[in-house]
There are 4 protein chains.
Amino acid sequence: MSPATRNEEARQAIIEAAFSLCAERGFAAVTIEGIAARAGVGKTTIYRWWPSKAAILIEAVENARDASAGYPDTGDIYADMVTQTASVMQMFTTEFGTIWRGLISAAQSDEPAAEGVARILRVSIDQCVARLAKARDAGQIRTDLDLELAVEIIYGPIYHTWLLRTRPLPEAYMETVLAALLPALTPAPASMA
Amino acid sequence: MSPATRNEEARQAIIEAAFSLCAERGFAAVTIEGIAARAGVGKTTIYRWWPSKAAILIEAVENARDASAGYPDTGDIYADMVTQTASVMQMFTTEFGTIWRGLISAAQSDEPAAEGVARILRVSIDQCVARLAKARDAGQIRTDLDLELAVEIIYGPIYHTWLLRTRPLPEAYMETVLAALLPALTPAPASMA
Amino acid sequence: MSPATRNEEARQAIIEAAFSLCAERGFAAVTIEGIAARAGVGKTTIYRWWPSKAAILIEAVENARDASAGYPDTGDIYADMVTQTASVMQMFTTEFGTIWRGLISAAQSDEPAAEGVARILRVSIDQCVARLAKARDAGQIRTDLDLELAVEIIYGPIYHTWLLRTRPLPEAYMETVLAALLPALTPAPASMA
Amino acid sequence: MSPATRNEEARQAIIEAAFSLCAERGFAAVTIEGIAARAGVGKTTIYRWWPSKAAILIEAVENARDASAGYPDTGDIYADMVTQTASVMQMFTTEFGTIWRGLISAAQSDEPAAEGVARILRVSIDQCVARLAKARDAGQIRTDLDLELAVEIIYGPIYHTWLLRTRPLPEAYMETVLAALLPALTPAPASMA
DNA sequence: AGTTAACCGAGACGGTACGTCGCGTCTTGTT
DNA sequence: AACAAGACGCGACGTACCGTCTCGGTTAACT
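Cut-offs and rules
- Residues numbered from 1 in each chain as written.
- Chains lettered and ligands numbered in written order.
- Predicted model: local features only at pLDDT ≥ 70, side-chain atom pairs only at ≥ 80, totals over all residues.
- Heavy atoms only, no water.
- Least-squares fit on C-alpha atoms with pLDDT ≥ 70 in both.
- Contact = heavy atoms within 4.5 Å.
- Helix = DSSP H or I, 4+ residues; strand = E, 2+ residues; numbered from the N terminus.
- Axes fitted to C-alpha atoms, helices over the stretch in contact; angles between N-to-C directions.
- Parallel < 35°, antiparallel > 145°, perpendicular 65-115°, else oblique.
- Nonpolar A, V, L, I, M, F, W, Y, C, P; charged D, E, K, R; others polar.
- 1 Å grid on protein atoms, 1.4 Å probe; cavity = no way out; pocket = protein on both sides within 12 Å on 5 of 7 lines; lining within 4 Å.
- Points joined across faces, edges and corners; volume = space filled by probe spheres on them.
- Buried area = accessible area lost by both parts, 1.4 Å probe.
- Salt bridge = Lys/Arg side-chain N within 4 Å of Asp/Glu carboxyl O.
- Polar contact = N/O pair within 3.5 Å; in protein donor to acceptor, adjacent residues only side chain to side chain.

Trainee: Honestly, the relation of the copies chain A and chain B in this entry has me stumped. Any pointers?
Mentor: Mapping between the two chain copies consists of a rotation about an axis together with a translation along that axis. Overlaying chain A with chain B gives an RMSD of 0.1 Å, the required rotation being 179 degrees about an axis along which the chain moves by 0.1 Å. Given the turn and translation reported, the copies of this chain are related as if by a two-fold rotation axis. Comparing interface residues between copies, 95% of those in chain A also sit at the interface in chain B, which points to an isologous, same-surface contact.

Trainee: How should I be thinking about unusual backbone geometry in this particular structure?
Mentor: As a rule of thumb, non-glycine residues mostly have phi less than zero, and peptide bonds are mostly trans rather than cis. For B:Arg165, which is not glycine, the phi torsion reads 55 degrees and is therefore positive. Tracing the backbone through its elements, the reader meets B:Arg165 in the loop between α8 (147-164) and α9 (173-185).

Trainee: Would you take a moment to explain the packing of helix α9 (residues 173-185) of chain A against α8(B) for this structure?
Mentor: Between two packed helices, what matters for the description is the angle formed by their axes and the separation of those axes. For the pair α9(A) and α8(B), interaxial distance at closest approach is 11 Å and the crossing angle is 75 degrees. By the angle between their axes, α9(A) is roughly perpendicular relative to α8(B). Residues A:Tyr173, A:Thr176, A:Val177, A:Ala180 and A:Leu181 of α9(A) lie in contact with α8(B), whose contacting residues are B:Leu149, B:Glu152 and B:Ile153. Within the contact of α9(A) with α8(B), the residues separate by chemical class into six nonpolar, one polar and one charged.

Trainee: Would you mind showing me how to read empty space enclosed by the protein here?
Mentor: The gaps of empty space that remain are located by a probe, the size of a water molecule, rolled over the atoms. Residue and element names in this part refer to chain C. Taken as a whole, this structure holds one cavity of 30 Å³ or more when the rule is applied. Approximately 70 Å³ is the volume found for the largest cavity. In terms of lining, the largest cavity is formed by Ile77, Tyr78, Met81, Leu132, Gln140, Ile141, Ile154, Leu178, Leu182, Leu185 and Thr186. Looking at the lining of the largest cavity, the elements with two or more residues in it are α5 (77-92) and α9 (173-185). The class makeup of the residues in the lining of the largest cavity is nine nonpolar, two polar and no charged.

Trainee: Even after reading the chapter, I still don't get the interface of chain A and chain B, so can you show me in this structure?
Mentor: It is common to give the size of an interface as the accessible area that goes away when the parts come together. On the side of chain B, 39 residues touch chain A, which itself brings 40 residues to the contact. Both faces combined, the contact of chain A with chain B buries some 3,500 Å², and carbon together with sulfur accounts for 66% of it. When the buried surface of chain A facing chain B is broken down by residue, A:Gln108, A:Glu152 and A:Leu164 rank first, second and third, together holding 19% of it. Counting across the interface, chain A meets chain B through four salt bridges. Among the ionic pairs, A:Glu152 bridges to B:Arg167, the shortest N-O distance being 2.8 Å. On the surface where chain A and chain B come into contact, there are 15 residue pairs in polar contact (both at pLDDT 80 or more). For the side of chain A that touches chain B, the secondary-structure elements that each account for two or more residues are α6 (95-107), α7 (111-137), α8 (147-164) and α9 of chain A. Ranked by residues supplied to the side of chain A that touches chain B, first place goes to α8(A) with eleven residues. Classifying every residue of the side of chain A that touches chain B by side-chain character gives 24 nonpolar, nine polar and seven charged.

Trainee: Sorry if this is basic, but what is going on with the interface of chain D and chain C here?
Mentor: Contact residues are listed per partner, giving 41 residues for chain D and 40 residues for chain C. Summing both sides of the interface, chain D and chain C together bury roughly 3,500 Å²; the carbon and sulfur share of this comes to 66%. Taken as a group, D:Gln108, D:Glu152 and D:Leu164 account for 20% of the area that chain D buries against chain C, more than any other trio of residues on that side. The interface formed by chain D and chain C includes four salt bridges. There are 14 residue pairs in polar contact (both at pLDDT 80 or more) connecting chain D and chain C.

See below:
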């Protein structure tokens, strides 16, 4: 009675084709036909399961990310932030960066894509918030700081520079940013009284 | 040189058509053919003067912005920042926001568009830097802060939230952000010693 | 032999679905998928037993025709011809006409369909030839006339007009045609000498 | 002010491509994409000017026919009929026959195609009627015969046999048919009285 | 005052990709 | 074993825009 069931091989092939095409040619140049051709699959099979190329790439990113590690925790929140943000910036320069840039671009006009992007980010943000909470409990972070906001303050400059392309991202960008932000993140010095 | 001169009426009509179409339907749904039809203009005329729809909208934004004022200056840098960022966030909710979002999206894969976006931003950033420099001279801002970086730190959170769509931008978002950032922007309190 | 026996219910349902779909939407709009859906049957079941939609409809026609009567025989060949051709022309205006037209259309490019059409016609032609033979034996038809040819001469004008659509078939078309053909069909008058 | 005008080269190429494809592979196997590819033309160009492949072939036939001759007239209507019908039957065996068969097939479910087929036939029928009228004036044809009907009686058997595929068309088919029809076509012998 | 060349509207053109439909084959349980 | 359900690779559909290319027509500076 069951319907013929979904073909997992095809799913994998499609996701990989989308990923590699986007990495090679950029998101704007990816077409459903191109993905189908590279995956050796009919267009129908793609349209049956995904509404857009963005949806495929979101799944690709979610798949790839599942294997990845969580937030570093050496006990030094500043060092861990530098480590983590550096790895994000490093990622921006890889094929993941190309794909992530494309997805953010798509999210500006495609509501489901925007939800996918937000869903992907949610995980990273939650991890970051959790790490910050731990640091706060350890007295390394101000107690009166909304940690969601802290994440936006920390990552905001990276995305501002990366997406608005006002200047190239310097290698040690986040060292500088975090140094500048430190007074806003760490507990205020004891008052005079 | 004769009637071989550019038709200013057509230029205006094209820019206005592009603007209104983008405002109504979103950047992704704008087409050169649609602009030509609404402007009552041949496609050739558009291609003669602009390389892409993004280029038209960049010119539209630059045109519209020429009339706008500079940075507020009441003497209180914090209040001025709140005012100015609030007006940016307000702009995001208007048709300019729609167009600006589209241009940023285009900039992710279209180099000339990226340059246009950066060029538009440059003016605002320079104004902001100038205002910050004045505040620094007035002792309201730390002297050891790269002001370009300060702009990224201040506007980063707005763009992070607006472009990545992780949550709606609260009305008083920047009051909160600037309050949190204050320790990082203002001169450090005199040391105890 | 167990459920490994052909499902007669399914066969009936398929034939009826094909028939009704063709009657409603015309042969060109009939699809195997549509038949399967209406018959509540898997596509496989159709492909297992028939090679094409034309084959199903040929079977449908043959089924429906099995119940039908032979050629009228009142003793007056002219009257019987008028009766019979009128009933054929009447049939053309019903859903059988729609299906028959479709099958003839298919027969132009589908060899098995052409054979099916010829097979269906064979029965009618043989009946007609038999009736004509009887009339010939009764002295109502020229003895030097190939009766197969006679059938083509009689039915040719109907099909010419019906298939080539040069004009609508008048109600009493065959009265006129047969009146005109009479001198060619009946024995020649005794010569003068 | 005029729009860019229609490209006559493209029109010719399309008609020739459709013609040759249909001749090679049969009407059912002709596709718009195939025509476009062979003609070196965009699909849009085809859809801009023709509603279907049948329409293209109708134009092809009309074009080709314009050059062709009229009805033979040796003074002997019987001989001329044999000549002309033989040339029609000869045509059926050529690529024109393939195309004509396809168009008649299409005409069964495509109203505009049916009109095109009828339009093409109209010319031939009118020529035939004119020739018959001349013969009637010369006393070779009964005066009480509707000549349109006569055409249907004469060509009916050919089309019956050719389209219904009940048997192959013998070489000298129409000699036999016309011989059989003679008594119905020629003036009746003087009555006895 | 007439000539003329760049610009303009209109839109046809060769293409690419779209998203859909139906094909005929296949796979997966169910009966 | 035959069946329903339906996923699959495939090919064609008819449409939307792309960017290029004629077409006349209309101007405005330069003979």
